[in-house]
Amino acid sequence: MYFAGMDIGSSMTKVVIINDAHEILIRKATPTGARHSLLARKVFDDALSIINLSPDSISYVLATGYGRVNVPFAHRHMSEITCQAAGVHALFPKAKTIIDIGGQDAKGVKLGDGRVIDFIMNDKCAAGTGRFLEVLSDSLDIPLADFGHLSLQAKTAVEINNFCTVFARDELTACISRGRHIHDIIAGVHDAITMRVVNMVNRLKIEPEVVFTAGLATNTGMVRSIENHIGFPVSIPDHPFTTVALGAAILARKIWLKEKGKGNS
Amino acid sequence: MLDTLHGMSRVSQVLADRSARIRELKAQGKKAVGYFCSYVPVEILTAMDLVPVRILGDMDEPVTEMDTVLPTSFCPFLRNCINTVFRGRYDFLDGVVGAHSCDAQEKSIHVWKSKIKYEFYHYLDMPATLHPWGADMYRSSLEKFKSSCEAWTGKPLSGEALEASILAHNRHRSLVRELYELKRFDPPLVSGSDTLRILTAISGLPVDEGSALLEAVIQEARAGKIQADTQDKKRILVVGACLDALPLIRLIEDFDADVVMDDNCMGARTYFRDVSITKDPMQGLASRYLDLTCARTFRETVAGEFRKDHAADLETRFAHLGNYIEKWRVEGVVIQLVRFCDPFGYEVPELKDYLNSINIPNLYLETEYTTGSLAPLKTRLQTFLETLL
Amino acid sequence: MPTDTIKIKRLKAMYRLRAKVDDMYTSGLEAMKDGRPVAWSMVTWWHADPVFKAMDLEVVYPENYAAMVAASGKASRYLDLCDADGFPTHLCGYSRINLGYVSRMVNGCAGGIPPEAPMGGLPKPVMMLSHSMLCDARVKWFQSLGRYMDTPVWMMETALPGVEEWNDPDVRKWSLKLVMDEIEQFIAYLERMLGRKLNRDRYDEMLSDMITLSRLAYKTFELRKATPCPMHSRDFWSVMPPYLYMSGDLKDSIDCYQALYDEVEQRVASRIGAVEPEKYRLLFAELPPWHSLEFFDRLAERGWNFVKESWAYNPPRPLEGLEDISDPVERHARFHLHVATGYHADALADDEYMGYLGYPYVKFAKDYACDGAFFHGLMTCRSASTHHPYTRELLMRKLKIPSFQVEGDLVDLRLFNAEEALRRAEVFEESMDYYRELRQQEHFPADNMQPA
């Protein structure tokens with residue numbers, strides 16, 4: 001018996017397939033195109049062919065993420081927050097808080113026994129998401145991939161007062177013309193996101209163990225900035241992009257077993 | 001033609017064009033009066049043989065007429081309502097009544113009066129507290145409303161006519177409550193979206209026609225004819241200001257949940273409290289209208305206390321919700337706030353305190369009263385409903 | 001920087017009055033140290049202030065304090081706390097600062113004043129007074145502090161009749177009665193709470209001083225109709241607290257205002273403008289960006305003089321016959337009621353029903369010979385923003401006066417972009433020039449003409 005979790009994000013489509021013993025057979029990420037439903041099928045089929053399984057051998061497919069309703073072959077869909085909680089719980093059983101910063105949104109999740117007990121999200125304001133870094137990477141003309149290690153070399157991070165992305169860009173230009181070092185500026189940009197996200201997640205009261213997930217968790221500068229602000233270390237999954245799809249696969253198994261149990265009784 | 005359709009078919013017919021029936025009544029010489037808040041005493045309008053019509057918003061109607069009227073930082077619900085008026089949807093109105101229930105209402109009626117000329121305007125100033133001396137002022141304000149209707153129509157209003165109207169509206173309200181009783185079943189005999197469709201239909205009909213329609217609908221519901229699909233759905237209470245748009249309910253019902261109860265102006269807030277029959281009908285009206293459950297009222301446990309007992313305060317302000325939660329076997333509460341709403345906005349943390357104190361899961365959602373603004377709320381709602389599993 | 005840039009000529013008499021806002025906080029803090037009670041109050045437009053004064057209960061105004069916190073650049077900590085406690089972010093910025101402040105005071109400082117609080121902080125109150133005039137936030141805000149403090153809230157009602165309704169003697173009668181009842185009941189509540197009676201003679205004296213001060217302030221500001229205008233809005237905002245909040249000693253304020261009047265009158269006689277040369281005269285609505293007041297200096301460099309502000313912060317039009325009313329409560333009530341209704345009769349004659357949110361701006365723009373109006377849209381202040389689109393259209397339609405809108409907020413520095421606003425101001429000058437010419441060509445209206 002095999003179970004698949006598909007996370008259709010706005011930029012990447014991720015698939016994770018597990019077996020009955022919760023072992024991960026494959027995890028795969030592919031850029032999301034405009035036509036979710038066609039791509040989802042292709043990503044799914046490609047993954048199956050790599051591990052030599054037929055679509056029939058998958059007992060249950062659970063879709064999640066922004067494009068979750070556009071996966072016609074999925075048995076059901078659930079929210080990415082529920083799936084994220086299940087995925088993180090499987091990897092870090094003691095986790096109590098998740099800080100999730102992606103390209104389009106940021107979320108905080110409070111866990112109890114691996115389930116969501118409270119959550120909060122920002123999907124309105126770009127300043128508290130990875131989008132902020134992308135915009136500033138463009139205007140500073142420094143590749144996003146270099147942001148992390150550059151910021152670690154900062155002596156004193158600049159303080160950014162404008163949280164609106166457009167105004168912040170002006171403010172950074174002013175910092176550069178005042179001769180502030182690029183390391184300090186990038187560190188300041190990271191701190192600005194951290195402030196915004198940590199303040200938001202603090203509504204749920206951040207408690208250890210904290211797991212930091214999604215795209216920005218791969219940025220070492222962001223990790224350090226968050227640890228500095230909350231005052232203790234955070235755990236990072238080995239594959240921070242696919243924890244949601246993993247959670248979806250785990251929930252697929254759980255729901256399948258539950259429904260099977262109902263059917264038998 | 002009108003007599004051929006009953007129950008839910010008639011509801012659909014009314015919703016297809018709310019103005020159709022009003023135009024017929026106008027052809028018979030009746031006059032229609034628009035209002036957009038539960039604080040307008042419709043009993044007085046009915047007693048004067050005027051047809052009260054509740055002005056509703058339309059989330060799919062583009063907001064095009066507000067550039068020189070109201071800014072985007074204004075209550076998006078009322079801005080939308082006024083926009084639909086300015087776009088001509090209510091061009092059959094002969095008069096308009098507004099109440100100072102909240103500042104947005106007060107501004108709306110004044111700006112309306114400045115921009116569109118009708119035969120009749122009335123603005124009801126009203127107190128924000130339940131102070132007895134404020135209630136006196138409100139009673140005078142109602143008397144003035146009555147005399148201004150009399151002056152407009154040229155007809156005096158007798159005590160008997162007013163009492164008959166109050167009785168008709170009480171009966172109407174008791175029928176809505178009967179409909180809500182059917183939602184206590186599991187699964188409910190009427191879904192949240194059908195409830196809203198019914199309530200929307202009756203909000204633009206004369207009271208007795210609305211009551212007849214309610215009776216027919218209740219009969220159909222009891223016979224299981226309008227039941228939603230019966231799979232295991234989460235039972236949700238929605239709390240907010242005015243929930244008049246189906247997309248807001250469908251947002252919840254799309255995720256295996258049903259809105260079984262509400263505390264908002266289209267529903268329970270308007271229909272769960274009757275006017276007491278007193279010797280002086282005006283007194284009964286004043287007491288009833290000042291004490292609706294809207295956040296606009298400054299409600300206190302003990303007026304003039306020297307120390308505030310927070311638990312008692314929450315009980316005074318929110319206990320009716322605890323009652324709904326118990327009776328309607330509610331599993332989760334969605335607090336639906338229209339952005340820029342101050343009266344309800346300040347309540348949110350304390351409302352959550354209250355709901356947490358009785359251990360009922362709750363979710364706070366902010367809408368901007370546009371269909372587009374609902375999409376981002378889906379993840380929040382779905383996650384919340386999944387936590388209830 | 002060139003040495004000949006135009007600067008706003010501040011009035012000397014302003015400084016003493018400006019310092020009086022500090023008196024309010026200092027006496028509040030002294031009271032706390034002496035163990036005397038302190039109350040928090042919303043701005044009540046003189047409905048409650050004389051009672052507080054006469055009862056010797058120290059009052060601080062969290063709305064004003066929040067503006068100070070914002071101006072000192074310390075708002076973000078409190079705003080973040082307010083957000084973290086789950087209050088919606090669109091609520092009034094002043095209230096969000098106060099909610100965050102109380103959250104910090106109670107949860108972070110054991111009920112004491114937070115050490116970083118500007119101006120020595122706001123002491124914990126024995127009671128809070130809400131008021132229903134002009135804004136729903138002011139009805140609900142103190143109530144929502146119940147989750148932090150057991151401080152009682154007294155809610156004071158006012159009447160808010162519409163333009164046409166005010167013409168009706170019955171409406172006037174019950175509105176007055178409500179406002180009077182509220183004064184009496186508030187007095188009774190304070191007497192019960194403080195265990196002492198109101199000294200009615202002292203109350204009467206307070207009222208007389210309040211009315212004298214208000215009239216003097218009104219008379220002073222009327223002098224700003226002169227060309228060039230002798231007093232800039234920045235001075236207006238500096239001298240506002242002594243009559244709006246009745247901060248400090250009233251008799252001293254009357255003296256200070258007399259000095260201000262004399263100085264402004266002197267300037268009129270000598271044809272001295274606050275900004276010279278005065279190229280443009282502007283009307284300002286509503287509250288300024290307190291954290292960026294230097295913005296007005298930059299505009300003054302371009303010859304912009306700000307000559308009038310909203311009715312809501314100005315003293316009411318003097319009400320005739322007020323002195324003849326022997327009952328102090330009635331005199332007090334009529335004074336307060338006149339604030340929001342004082343322009344209603346004229347508005348009715350003008351077929352204008354937005355009342356205090358429409359007509360007074362037209363009157364001011366005309367009487368003060370304005371070339372343009374500056375509307376500062378406040379994202380989180382409904383009362384100071386709701387009328388902007390409407391009133392701007394009104395100014396154009398009735399007077400052919402163009403207006404200029406800049407988005408900002410009461411306290412959130414992030415929303416007001418001074419650089420961008422200055423760029424737009426430059427373009428707006430062309431608009432003011434164009435309409436000035438147009439008004440001259442069309443003789444529209446004659447008494448609004450600018451001297452060449």
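What you see is a predicted model, and the numbers here were worked out from it, not measured in a lab. (Residues numbered from 1 in each chain as written. Chains lettered and ligands numbered in written order. Predicted model: local features only at pLDDT ≥ 70, side-chain atom pairs only at ≥ 80, totals over all residues.)

Undergrad: Can you break down the overall build of chain A residue by residue, with the values?
TA: Helices and strands together make up the secondary structure of chain A, namely 8 helices and 10 strands. In terms of C-alpha radius of gyration, chain A reaches 20 Å, essentially the compact-globule figure of 18 Å for 265 residues. The principal-axis extents of the C-alpha atoms in chain A amount to approximately 70 × 35 × 30 Å. Split into buried and exposed, the 265 residues of chain A put 48% on the buried side. For chain A, restricting intrachain contacts to residue pairs at least 6 apart in sequence, the fraction spanning at least 24 positions comes to 69%. (Helix = DSSP H or I, 4+ residues; strand = E, 2+ residues; numbered from the N terminus. Rg over C-alpha atoms; globule rule 2.2 N^0.38 Å. Buried ≥ 20, exposed ≤ 12 C-beta atoms within 10 Å, placed from the backbone. Contact = placed C-beta atoms within 7 Å.)

Undergrad: Which residues make up the interface of chain B and chain C, and what values do they have?
TA: Where interface size is quoted, it is often the accessible area lost as the parts come together. Contact with chain B, which involves 48 residues of that partner, is made by 52 residues of chain C. When contributions to the side of chain B that touches chain C are tallied by element, the ones reaching two or more residues are helix H5 (103–115), helix H6 (132–153), helix H13 (310–327), helix H14 (342–345) and helix H15 (348–357) of chain B. The greatest single-element share of the side of chain B that touches chain C, amounting to 7 residues, is contributed by H5(B). Among the residues forming the side of chain B that touches chain C, the class breakdown is 19 nonpolar, 12 polar and 17 charged. (Nonpolar A, V, L, I, M, F, W, Y, C, P; charged D, E, K, R; others polar.)

Undergrad: Quick one: what's the story with the sheet that holds strand E1 (residues 31–35) of chain B, residue by residue and with numbers?
TA: Residue and element names in this part refer to chain B. Within the open sheet, the 4 strands sit side by side as E2-E1-E3-E4. Their pairing is parallel. With partners counted over all chains shown, the strands left at the sheet margins are strand E2 (50–54) and strand E4 (120–124), one partner each. Each strand of the sheet is rotated relative to its neighbour by a mean of 25 degrees, with strand direction disregarded. Sheet topology places strand E3 (residues 95–99) next to E4; 5 bridges connect them, and they run parallel. (Pairing = 2+ DSSP bridges. Axes fitted to C-alpha atoms, helices over the stretch in contact; angles between N-to-C directions.)

Undergrad: Run through helix H5 (residues 93–108) of chain C, naming residues and quoting values.
TA: Side chains of residues three or four places apart in an α-helix project in the same direction, reflecting 3.6 residues per turn. Residues and elements named next belong to chain C. Under the 1.5 Å per step criterion, the end-to-end length of H5 is 21 Å for 16 residues, consistent within 8% with the ideal 22 Å. Counted residue by residue, H5 has 12 buried out of 16 residues, so it is predominantly covered. Looking at H5, one finds that the buried residues are Gly-93, Tyr-94, Ser-95, Arg-96, Ile-97, Asn-98, Leu-99, Gly-100, Tyr-101, Val-102, Ser-103 and Met-105. The secondary structure elements touched by the buried residues of H5 are helix H3 (62–71), helix H4 (75–84) and helix H6 (137–140). Just downstream of H5 lies Ala-110, where phi reads positive at about 50 degrees. (Expected span 1.5 Å × (residues − 1).)

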